[in-house]
Amino acid sequence: MVNSFKKKPLNRMLLVSLLHSCKTAKQLRSVHGTMIVSGALRESETFLWNSLIRSYRHCWYGSLEPILLYHQMMRNGIVFDKFTFPFVIKACTNLRTIKLGQQIHGQVVKSRHVVDHFVQGCLAGNMKEAKELFDVMPARDNVSWGIMVSGYVNCGAIDMARHVLDLMPRSNLFSWNALIDGYAKIGSIDIMLELFEQMKRKNLVSWNIVLNAFAKCDCSTLAVVLSAIADMGILAEGKWVHRYLERNQVPLSGNVGVALIDMYSKCGNLDIATEIFCSMPQKSVDHWNSMIAGHAVYGYGSYAIRLFEELQKSSVEPDDISFIAVLSACSHAGLVDEGHYYFNLMTLQYCLEPKIQHYGCLVDLLSRSGYVEEASLLVKNMPMKPNDVIWRALLGACKTHGNVVVGEEAAKHLFELDPDDTSSYSLLSDMYGAAGRWDDALKTRETMKEKGIKKLAPGCSSVESDAMVHEVDATLPDIPAGDTLFHGAENTYIVSEKEQFVLERISKERTRLWFDTRD
């Protein structure tokens, strides 16, 4: 009988059908014996071995037989596939054998199947049970932490996955990649980018996750991605997205182009922003606004005004945001007459009703330039109720220009709007100190202590150099009069007045060349 089995092996599909029909351990052992006698298990048929392991796990709960079959596969040189490991890992889960499960997981990591999500899901298994086992583990290594992160990601609990990553004593690339992949799959591209920037090391898998996420994005999502990059100031990633747009010939006529110009502007690379803007055959008002606002922030008031004049000459009509941008440019550059002109122009020529943002820009312009009384009168005559931003701008100007009476009035309104705001008390105290009224300054500080209001940490700016982001805070030593700051790769340097003059000449020459090339 044995010889007849060897001469005529049973059909593979018949054996699988018999395995699936087994309801008890006795029936399963009978079929298993038949497979041994027939010689079916001596063949390199991974499918049969997987079916047998799976059947033992279902019919004989808590049996060691799936583990023993797995070791027999190794001894016989049977090649594993992505379906072998889940059955064996689940058998380890049934047996509650942590050490044995870790050994199997070690072999998974060494194999190519570590990237298979089916295998990863089984490594985590039931997350409730996995957490119970994780909590009682006497020692947790990076592998066990990584399994928890990956498991939570696979079952959709992305917030829990991030919480576990934050708790990890030493996070690894596997865990980081699992988390950013999880955010990419649910469409949270902005959070994915934020985490990607926080990664101290990145490998090919990391970049592929980001690349695949971009490949699935439409134009509106890409615009959101660029906005997130602009807010974080990560120019290297922004350039990478720019190259992606060029390779895939994504049109820049819509929101993507606006976001790209805005990204380069906010990251301080105004030259590239200008090149992109000039290369566009058709420009919307949003493209113009992004360019004007970008140069306004860096104090290029004259340049921003020239852009606004070009906008007026074009077929595109400026909107309320255009006037916010040009008024902001006047404010940063101290152009009082021009500010008044454009504020009146929006009403007289374009019939646009000034909003609180327009009034805020004009108040800021007058305050910065020393016209504190005029700024105060403007605030009182505004058609809408001034907000805290406007009152704070006025208070800051009073501190700078020594107008205590207007400053006290501004501070009174600020305390009514937000009684616990730290900056308002600090500005008032500093204003008293600058005016020599030390008793009032001390009284303001004591009021802060009584209310439990603490002074905020010093403000800081982020500067990217050589693909590294450096922070410069307000604790830097005082700069000699006439000098300015220059941010290098590792330090913040002081640039002399002469060197600053050269830099300004270069900037003015760039402005002249841009407009000359348009003629």
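Our subject is the structure listed above.
Chemist: How would you sum up the packing of helix α11 (residues 158-167) against helix α12 (residues 173-185)? Please name residues and give values.
Modeler: Running from amino to carboxyl end, α11 crosses α12 at an angle of 155°, the nearest separation of the two axes being 10 Å. With respect to their mutual orientation, α11 and α12 come out roughly antiparallel. Crossing handedness for the pair α11 and α12: left-handed. Seen from α11, the contacting residues are I158, D159, A161, R162 and L165; seen from α12, they are S175, W176, L179, G182 and Y183. Looking at side-chain class alone, the contact of α11 with α12 contains 6 nonpolar, 2 polar and 2 charged residues.

Chemist: Let's hear about unusual backbone geometry: which residues, and what values?
Modeler: For Q249, which is not glycine, the phi torsion reads 50° and is therefore positive. Of note in this structure, C351 is not a glycine but carries a positive phi near 55°. Counting through the fold element by element, C351 comes out in the loop between α22 (336-348) and α23 (356-368).

Chemist: Explain the nonpolar core residue by residue, including any values.
Modeler: Counting 105 residues, the largest nonpolar core has M192, F214, L245 and M263 as its most contacted members. The biggest single contributor to this core is α12, with 7 residues. Excluding anything up to four places from it in sequence, F214 contacts I189, L193, L222, V225, W240, V241 and Y244. Ranked by size, the runner-up nonpolar core spans 21 residues in total, among them C22, M35, W49 and I67.

Chemist: So what's going on with helix α21 (residues 320-333)? Residues and values would help.
Modeler: Between its first and last C-alpha atoms α21 spans 20 Å; for 14 residues at 1.5 Å apiece the expected length is 20 Å, and the two agree. Most of α21 is tucked away, with 10 of its 14 residues classed as buried. Here α21 has its buried residues at D320, S322, F323, A325, V326, L327, S328, A329, C330 and S331. Turning to α21, the residues buried within the fold contact α19 (285-297), α20 (301-313), α22 and α23. Where α21 ends, the next residue or the one after it, G334, has phi of about 70°, a positive value.

Chemist: Can you tell me about the environment of G146, naming the residues and giving the values?
Modeler: Inspection of the secondary structure assignment puts G146 in helix α10 (residues 142-154). The buried category is assigned to G146, whose relative accessible area is 1%. Between the C-alpha atoms of G146 and S171, which are 25 residues apart in sequence, the distance is 8.2 Å. In this structure, G146 is in contact with F174 and S175, ignoring residues within four places of it in sequence.

Chemist: Which residues make up the packing of aromatic side chains, and what are the values?
Modeler: Under the defined criterion, the tally for this structure stands at 7 aromatic pairs. The interplanar angle of 75° and the centroid separation of 5.1 Å between the aromatic rings of F308 and Y342 together place this pair among those described as edge-to-face. Of the two residues, F308 is situated in helix α20 and Y342 in helix α22; the sequence distance between them amounts to 34 residues. Judged by its relative accessible area of 0%, F308 falls in the buried class. Classification of Y342 by relative accessible area gives buried; the value is 4%. In textbook terms, an aromatic cluster arises when at least three aromatic residues are bridged by ring pairs, as seen for F308, F323, Y341, Y342 and Y350. The residue whose ring lies beneath K283 is F277, and the NZ or CZ to ring-centre distance is 5.2 Å.

Chemist: How would you sum up α12? Please name residues and give values.
Modeler: Here α12 spans 18 Å end to end across 13 residues, near enough to the 18 Å set by a 1.5 Å rise per residue. The buried fraction of α12 is high, at 11 of 13 residues. Taken residue by residue, α12 has L173, S175, W176, N177, A178, L179, I180, D181, G182, Y183 and A184 as its buried positions. Downstream of α12 by a residue or two, G187 has a phi angle that is positive, lying close to 85°.

Chemist: Outline the packing of helix α15 (residues 219-232) against helix α16 (residues 235-247), supporting the account with residue identities and numerical values.
Modeler: The contact between α15 and α16 brings their axes to 9 Å, and the two run at 155°. The orientation of α15 relative to α16 falls into the category roughly antiparallel. With respect to the hand of their crossing, α15 and α16 are arranged in left-handed fashion. On α16, the residues touching L222, V225, L226 and I229 of α15 are E237, G238, V241, Y244 and L245. Of the residues belonging to the contact of α15 with α16, the class tally is 7 nonpolar, 1 polar and 1 charged.

Chemist: Hey, could you go over the pattern of salt bridges for me, with residue numbers and the actual values?
Modeler: Per the counting criterion, the structure on display carries 11 salt bridges. With a closest N to O distance of 3.2 Å, K185 and D181 form a salt bridge. With a gap of 4 residues between them, K185 and D181 both fall in helix α12, about one helical turn apart. Exposure remark for K185: the relative accessible area of 53% places this residue in the exposed category. On the accessibility criterion, D181 (17% relative accessible area) is buried. The closest approach of N and O atoms between D421 and R392, which form a salt bridge, is 3.1 Å. Highlighted residues: D421 in the loop between α26 (404-417) and α27 (422-434) and R392 in helix α25 (residues 388-401), separated in sequence by 29 residues.

Rules of the game
- Throughout this document, residue positions are counted from 1 along each chain, in the order its sequence is written.
- Local features in a predicted model are, by the rule used here, given only for residues with pLDDT of at least 70; side-chain atom pairs are given and counted only at 80 or more, and totals for whole chains, interfaces and linings are based on all residues.
- To obtain the side-chain values, all non-hydrogen atoms of the structure were used and water was disregarded.
- In this analysis, axes come from line fits to C-alpha atoms, helices being fitted only over the stretch in contact, and the angle between any two N-to-C directions falls in the range 0 to 180 degrees.
- Strands here are runs of E lasting at least two residues and helices are runs of H or I lasting at least four, both read from the DSSP assignment and numbered beginning at the N terminus.
- Throughout this description, any angle smaller than 35 degrees is read as roughly parallel, any larger than 145 degrees as roughly antiparallel, any in the 65 to 115 degree range as roughly perpendicular, and the remainder as oblique.
- In this scheme the handedness of a crossing depends on how the near helix is turned from the far one: anticlockwise by less than a right angle means left-handed, clockwise means right-handed.
- When checking whether two residues touch, look at their non-hydrogen atoms; a contact exists if any pair is within 4.5 Å.
- Throughout this entry, Asp, Glu, Lys and Arg are counted as charged residues, while Ala, Val, Leu, Ile, Met, Phe, Trp, Tyr, Cys and Pro are counted as nonpolar. The remaining residues, Gly among them, count as polar.
- As used here, the term nonpolar core means buried Ala, Val, Leu, Ile, Met, Phe, Trp, Tyr and Cys residues forming a set that is joined through side-chain atoms within 4.5 Å.
- A 1.4 Å probe rolled over the protein chains alone gives each residue an accessible area, and that area as a share of the maximum for its type sets the label: buried under 20%, exposed over 50%, partly exposed in between.
- Given the number of residues in a helix, its expected span is that number minus one, multiplied by 1.5 Å.
- When the centres of two rings from Phe, Tyr and Trp lie within 6.5 Å, Trp using its six-membered ring, the rings pair. Their planes under 30 degrees apart give stacked, over 60 give edge-to-face, and anything left gives tilted.
- We call a charge positioned over a ring when the NZ of a Lys or the CZ of an Arg lies within 6 Å of the ring centre and within 35 degrees of the ring normal.
- Within this document, salt bridges are pairs made up of a side-chain nitrogen of Lys or Arg and a carboxyl oxygen of Asp or Glu, the two lying within 4 Å of each other.

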